[in-house]
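Coordinates in review
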There are 2 protein chains.
Amino acid sequence: MRRIAESTVRRLSLYLSFLEEIEARGVPTTSSEDLARLGGTTSAQVRKDLSFFGSFGKRGLGYSVPELSARLRRILGLGRQWRVCIIGAGKIGAALARYAGFTERGFIVSAVYDSDPSKIGSRWGNVKVRDEASLERDIEAGDYQIAVLAVPADSAQNLADRVVRAGIKGILNFAPVQLTVPNDVALRAVNMAMELEALTFAITNKVD
Amino acid sequence: MRRIAESTVRRLSLYLSFLEEIEARGVPTTSSEDLARLGGTTSAQVRKDLSFFGSFGKRGLGYSVPELSARLRRILGLGRQWRVCIIGAGKIGAALARYAGFTERGFIVSAVYDSDPSKIGSRWGNVKVRDEASLERDIEAGDYQIAVLAVPADSAQNLADRVVRAGIKGILNFAPVQLTVPNDVALRAVNMAMELEALTFAITNKVD
DNA sequence: ACATGTGAACTGCTTCACAGCG
DNA sequence: CGCTGTGAAGCAGTTCACATGT
């Protein structure tokens, strides 16, 4: 497949969330204009984004909401269940383990890994805290395709290396460091410091 | 000031984190080449990014680490203290309230707001849980410049409207909805669903 | 008539390549 | 000589505008 821009993928996610919202309200069809308004973009942008993957609309009519949302789910890889583990049973790991958003989107979080013996073995709702030492074994057994890294900055690269070697397919990194992974492993990062600094930059250099 | 690309600001944050790291190790100078290697970009990109704000290096020598990091801190608006409140004392709000990363970067989190009477009045470390009803009063009194929204999707826009009316300067949104704010208010969003879907898209449409 | 799908034009970010200066 | 700083070139993402199909 032709290379798709990061920004396009993010907008597809957005469109999907709007579609799910209006689908729940029973609205049968929508248009590129509607989606653009909800997503703060233009109708041409919406049509261009979709056009990379096929033509899903009817000229003169718009898009079938259930059909388009199904297509987007498939495009985004949401047609299947994804098993996720969280690494690091600290504050962020704990919040993520209990975050309902994962399940709602079909992501199954069944375990958190930590090396602290006082945490190992406990249960947080449906999620159990397991020994970090068994991480490789569990990934190799196919228990997870995605790892969420919620560990301190100085151990993040080491853990990333370990899960990559064990065959993980994607990593979502919450540690405030730039990770290096082979480019057949998908990597995304959520960096609080970066977001806050983007805010303070914008506030400080107000243009409007 | 000329408009600066989002991507440039994010890279400046990255450069700063590298500079702080090597500054702590006592390295006196660095080069665009060094910063590029650490940040996964090119030396030309680094120089171009910096050039929007002045010329901080010495030809033939590179950059003074303490000087460049000080300049970047100033550019990013980190030369002052920022007061931050967290809105929503749920799982995410709790994790954020305890997150050390804020303080390390000079962000002062002194309160979490919630409307649940059973939570109001309690203390989490240095952070107290306050009544959401007093949010406007406190913002108007100048207690916070930045609000972090950690509330359910369906109340996020309403709370954003309230803090904007009270005069907040920036919002970091963790709720999975697209917020609308006047464009003199800085807005950033962290959307877990979007990050996960970017991962599953990449895994599903593996190109390499 | 109406909204999609898409080449073409445009805008803006990135990369190149070299002049400038320590 | 080495590395920065920067116009110019190249490339990627967005917007335009209209032909196309219902």
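Residues numbered from 1 in each chain as written. Chains lettered and ligands numbered in written order. Predicted model: local features only at pLDDT ≥ 70, side-chain atom pairs only at ≥ 80, totals over all residues. Heavy atoms only, no water.

**Quick word on the sheet that holds strand β4 (residues 107-114) of chain A**
Across a sheet, strands are paired by hydrogen bonds formed along the backbone, either parallel or antiparallel in direction. All names here are of chain A. Spatially, seven strands are ordered β5-β6-β4-β3-β7-β8-β9 in an open sheet, and the strand pairing comes out mixed. Looking at which strands have only one partner, the edges of the open sheet turn out to be β5 (123-124) and β9 (186-189). In this structure, strand β3 (residues 82-87) lies alongside β4, joined through six bridges in parallel fashion. Bridge assignment links Ile87 to a residue of β4, and that residue is Tyr113. (Pairing = 2+ DSSP bridges. Helix = DSSP H or I, 4+ residues; strand = E, 2+ residues; numbered from the N terminus.)

**Remarks on the pairing of strand β7 (residues 146-149) of chain B**
Residues and elements named next belong to chain B. Of the two faces of β7, the one carrying Ile146 and Val148 and the one carrying Ala147 and Leu149 are both buried. Two strands pair when backbone bridges link them, and strand β3 (residues 82-87) and β7 are joined in this way by four bridges, in the parallel orientation. Within the sheet, the bridge partner assigned to Ile87 lies in β7 and is Leu149. Both β7 and strand β8 (residues 170-173) contribute to a ladder of four bridges, which runs parallel. The partner of Val148 across the bridge, within β8, is Leu172. Taking the sense of rotation as the criterion, the β-α-β connection linking β7, helix α8 (residues 153-165) and β8 turns out right-handed. (Buried < 20%, exposed > 50% of the residue type's maximum accessible area, 1.4 Å probe, protein only. Right-handed = clockwise from strand over helix to strand, strands pointing away.)

**Comments concerning the relation of the copies chain B and chain A**
Once chain B has been moved 0.0 Å along the axis and rotated by 180 degrees, it coincides with chain A to within an RMSD of 0.0 Å. Put plainly, the chains are arranged around a two-fold axis. Among all C-alpha atoms of chain B, that of Ala95(B) lies closest to the rotation axis, at 3.0 Å. (Least-squares fit on C-alpha atoms with pLDDT ≥ 70 in both.)

**Digging into the interface of chain B and chain A**
Each partner contributes residues to the interface: chain B has 58 residues there, and chain A has 58 residues. Of the roughly 5200 Å² buried between chain B and chain A on both sides combined, carbon and sulfur atoms contribute 75%. Put simply, chain B and chain A have four salt bridges between them. The interface formed by chain B and chain A holds 14 residue pairs in polar contact (both at pLDDT 80 or more) in total. Among the elements that make up the side of chain B that touches chain A, the one with the highest residue count is helix α9 (residues 192-204) of chain B (13 residues). In terms of residue class, the side of chain B that touches chain A is made up of 37 nonpolar, nine polar and twelve charged. (Contact = heavy atoms within 4.5 Å. Buried area = accessible area lost by both parts, 1.4 Å probe. Salt bridge = Lys/Arg side-chain N within 4 Å of Asp/Glu carboxyl O. Polar contact = N/O pair within 3.5 Å; in protein donor to acceptor, adjacent residues only side chain to side chain. Nonpolar A, V, L, I, M, F, W, Y, C, P; charged D, E, K, R; others polar.)

**What about the environment of Leu76(A)?**
If you trace the backbone, Leu76(A) turns up in the loop between α4 (65-75) and β3. Since its relative accessible area comes to 0%, Leu76(A) is described here as buried. Remark: the alpha-carbon pair of Leu76(A) and Val9(A), spanning 67 residues in sequence, is separated by 7.9 Å. With near-sequence residues (within four places) excluded, Leu76(A) lies in contact with Val9(A), Leu12(A), Ser13(A), Leu16(A), Glu197(B), Thr200(B) and Phe201(B).

**A look at the protein's contact with DNA strand C**
Neighbouring residues of DNA strand C: 24 residues in total, closest Ser32(A), Arg47(A), Ser55(A), Gly57(A) and Arg11(B). Of what DNA strand C places within 4 Å of the protein, 61% of the atoms are sugar or phosphate. Here a base oxygen of DNA strand C sits 3.4 Å away from a polar atom, N or O, in the side chain of Lys48(A). Tyr63(A) is positioned with one of its side-chain polar atoms (N or O) 2.9 Å from a phosphate oxygen of DNA strand C. (Near = heavy atom within 4 Å.)

**Remarks on the domain arrangement of chain A**
Taken domain by domain, chain A consists of domain 1 (6-75) and domain 2 (82-194). If you average the C-alpha positions of domain 1 of chain A and of domain 2 of chain A, the two centres end up 31 Å apart. (Domains from an automatic or database assignment.)

**Quick word on the nonpolar core**
One finds Leu72(A), Leu96(A), Phe102(A) and Leu72(B) to be the most contacted residues of the largest nonpolar core, which totals 103 residues. With residues up to four places along the chain from it excluded, the contact list for Leu72(A) reads Leu12(A), Tyr15(A), Leu16(A), Leu19(A) and Leu50(A). (Core = buried A, V, L, I, M, F, W, Y, C linked by side-chain atoms within 4.5 Å.)

**Regarding the protein's contact with DNA strand D**
Looking at DNA strand D, there are 25 residues lining it, with Arg59(A), Ser32(B), Arg47(B), Gly57(B) and Tyr63(B) nearest. Protein-adjacent atoms of DNA strand D, using a 4 Å cutoff, are sugar or phosphate at a proportion of 59%. The side chain of Ser32(B) places a nitrogen or oxygen atom 2.6 Å from a phosphate oxygen of DNA strand D. Side-chain polar atom of Arg59(B) to a base oxygen of DNA strand D: 3.1 Å apart, as the coordinates give it. Secondary-structure elements contributing two or more residues to the surface near DNA strand D are α1 (6-24) and α3 (43-51) of chain A together with α3 (43-51) of chain B. It is α3(A) that contributes the most residues to the surface near DNA strand D, four residues altogether. Broken down by class, the residue content of the surface near DNA strand D amounts to five nonpolar, eleven polar and nine charged.

**Section: the sheet that holds β3(B)**
Reading across the sheet, the seven strands line up as β5-β6-β4-β3-β7-β8-β9 (chain B) and stay open at both edges, with mixed pairing between neighbours. The sheet terminates laterally at β5 (123-124) and β9 (186-189) of chain B, the two strands that pair on one side only.

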